[in-house]
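Below, each chain spelled out in residue letters.
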Amino acid sequence: MEPLKIVVTGPVGAGKSTLIRTLSETEVVDTDALTSENIGKETTTVAMDYGTLHLGDQLLYLFGTPGQDRFDFMWDVLSDGALGLLMLIRGDKPEDFVAARKQLDYITSRHPVPYVMGVTRQDRPPVWGPEEVAPFFGLPLQRVVGINATDPQSAATPLIRLLELMLEDQRAV
Ligand SMILES: Nc1nc2c(ncn2[C@@H]2O[C@H](COP(=O)(O)OP(=O)(O)OP(=O)(O)O)[C@@H](O)[C@H]2O)c(=O)[nH]1
Ligand SMILES: [Mg+2]
């Protein structure tokens, strides 16, 4: 089976680097750098994260994007050849949802691939859950998964869902 390239995107602090570190079976390549901007954390991804993961027999290559708009040229670079997209948002930061919507539209209009949304920090209530996030983005609940990006089992669930969607798409062709 060919490896599948998956892009993990979303706003600053959504948990993209965390999810890839939690899941990767190989040493993660990351490009986090100290940030001088006030983004609520010390480091931010400036180019990409890269990790790998098997789901059953299927090997996934996970490419994480930077969250900051000033690195948005990387979204295109990293999405090239991707077969699926995982969009992460912080469940405790609804003020980021509009930016996330723009990011999602930007990427899916250029790279129309199946996507799933992961709502992080479900382990830190109060947070928005999938039932509240799905209508905000006009998505079926099936495409929105609540996760804790620091927990391996939980972090894998949106990727399992994405793989199911990708297989359904293949069957539909
Ligand atoms: N408890 C908890 N912490 C999380 C979760 N997701 C992310 N975090 C924490 O949030 C912080 C930011 O996560 P990052 O993985 O750096 O976020 P990012 O999306 O890569 O951010 P940028 O690269 O700056 O765009 C880290 O301290 C993580 O441990 C989660 O689901 N639960
Ligand atoms: Mg990052």
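Everything in this summary refers to the structure shown in the same document. (Residues numbered from 1 in each chain as written. Chains lettered and ligands numbered in written order. Predicted model: local features only at pLDDT ≥ 70, side-chain atom pairs only at ≥ 80, totals over all residues. Heavy atoms only, no water.)

Remarks on the side chain of Lys 5
Link 1 in the chain: Structurally, the position occupied by Lys 5 is in strand S1 (residues 4-9).
Link 2 in the chain: This buried residue, Lys 5, is left without a salt bridge; Asp 80 holds the nearest opposite charge, at 6.2 Å.
Link 3 in the chain: A distance of 2.8 Å separates the side chain of Lys 5 from the backbone oxygen of Leu 78, its partner in a polar contact.
Link 4 in the chain: Residues contacting Lys 5, with those up to four places away along its chain left out, are Tyr 61, Phe 63, Val 77, Leu 78, Ser 79, Asp 80, Gly 81, Ala 82, Leu 83 and Gly 84. (Helix = DSSP H or I, 4+ residues; strand = E, 2+ residues; numbered from the N terminus. Buried < 20%, exposed > 50% of the residue type's maximum accessible area, 1.4 Å probe, protein only. Lys, Arg positive; Asp, Glu negative; His and termini not counted. Salt bridge = Lys/Arg side-chain N within 4 Å of Asp/Glu carboxyl O. Polar contact = N/O pair within 3.5 Å; in protein donor to acceptor, adjacent residues only side chain to side chain. Contact = heavy atoms within 4.5 Å.)

Section: the coordination of the magnesium ion (ligand 2)
Link 1 in the chain: The coordination sphere of the magnesium ion (ligand 2), as far as protein atoms go, consists of Ser 17 (OG) and Thr 45 (OG1), spread over 2.0 to 2.1 Å. Note that Ser 17 is positioned in helix H1 (residues 16-23) and Thr 45 in strand S3 (residues 43-55), a separation of 28 residues in sequence.
Link 2 in the chain: Owing to a relative accessible area of 11%, Ser 17 belongs among the buried residues under this scheme. (Donors = N, O, S within 2.8 Å, 3.2 Å for Na, K, Ca; no water.)

A look at the sheet that holds strand S4 (residues 58-64)
Link 1 in the chain: Read from one edge of the open sheet, seven strands run S2-S3-S4-S1-S5-S6-S7, paired in mixed fashion. Only two strands of the sheet have a single partner each, and these edge strands are strand S2 (29-34) and strand S7 (144-146). Each strand of the sheet is rotated relative to its neighbour by a mean of 20°, with strand direction disregarded.
Link 2 in the chain: Summarising the sheet, S2 and S3 pair through five bridges and their orientation is antiparallel. Across the sheet, Leu 34 pairs through a bridge with Thr 43, a residue of S3.
Link 3 in the chain: Contacts from helix H4 (residues 130-137) reach strand S5 (84-90), strand S6 (115-120) and S7, with the element oriented near 150° to S7. (Pairing = 2+ DSSP bridges. Axes fitted to C-alpha atoms, helices over the stretch in contact; angles between N-to-C directions.)

Remarks on the site of ligand 1
Link 1 in the chain: The full set close to ligand 1 counts 20 residues, and Lys 16, Thr 18, Thr 44, Arg 121 and Ala 149 are the nearest of them.
Link 2 in the chain: In the environment of ligand 1, an oxygen atom lies 2.7 Å from a nitrogen or oxygen atom belonging to the side chain of Lys 16.
Link 3 in the chain: Contacts to ligand 1 include Asn 148, whose side-chain N or O atom sits 3.3 Å from a nitrogen atom.
Link 4 in the chain: Coverage of ligand 1 by the protein chains reaches 85% of its 660 Å² of free accessible surface. (Near = heavy atom within 4 Å. Areas by Shrake-Rupley, 256 points an atom, 1.4 Å probe, with all protein chains shown as cover.)

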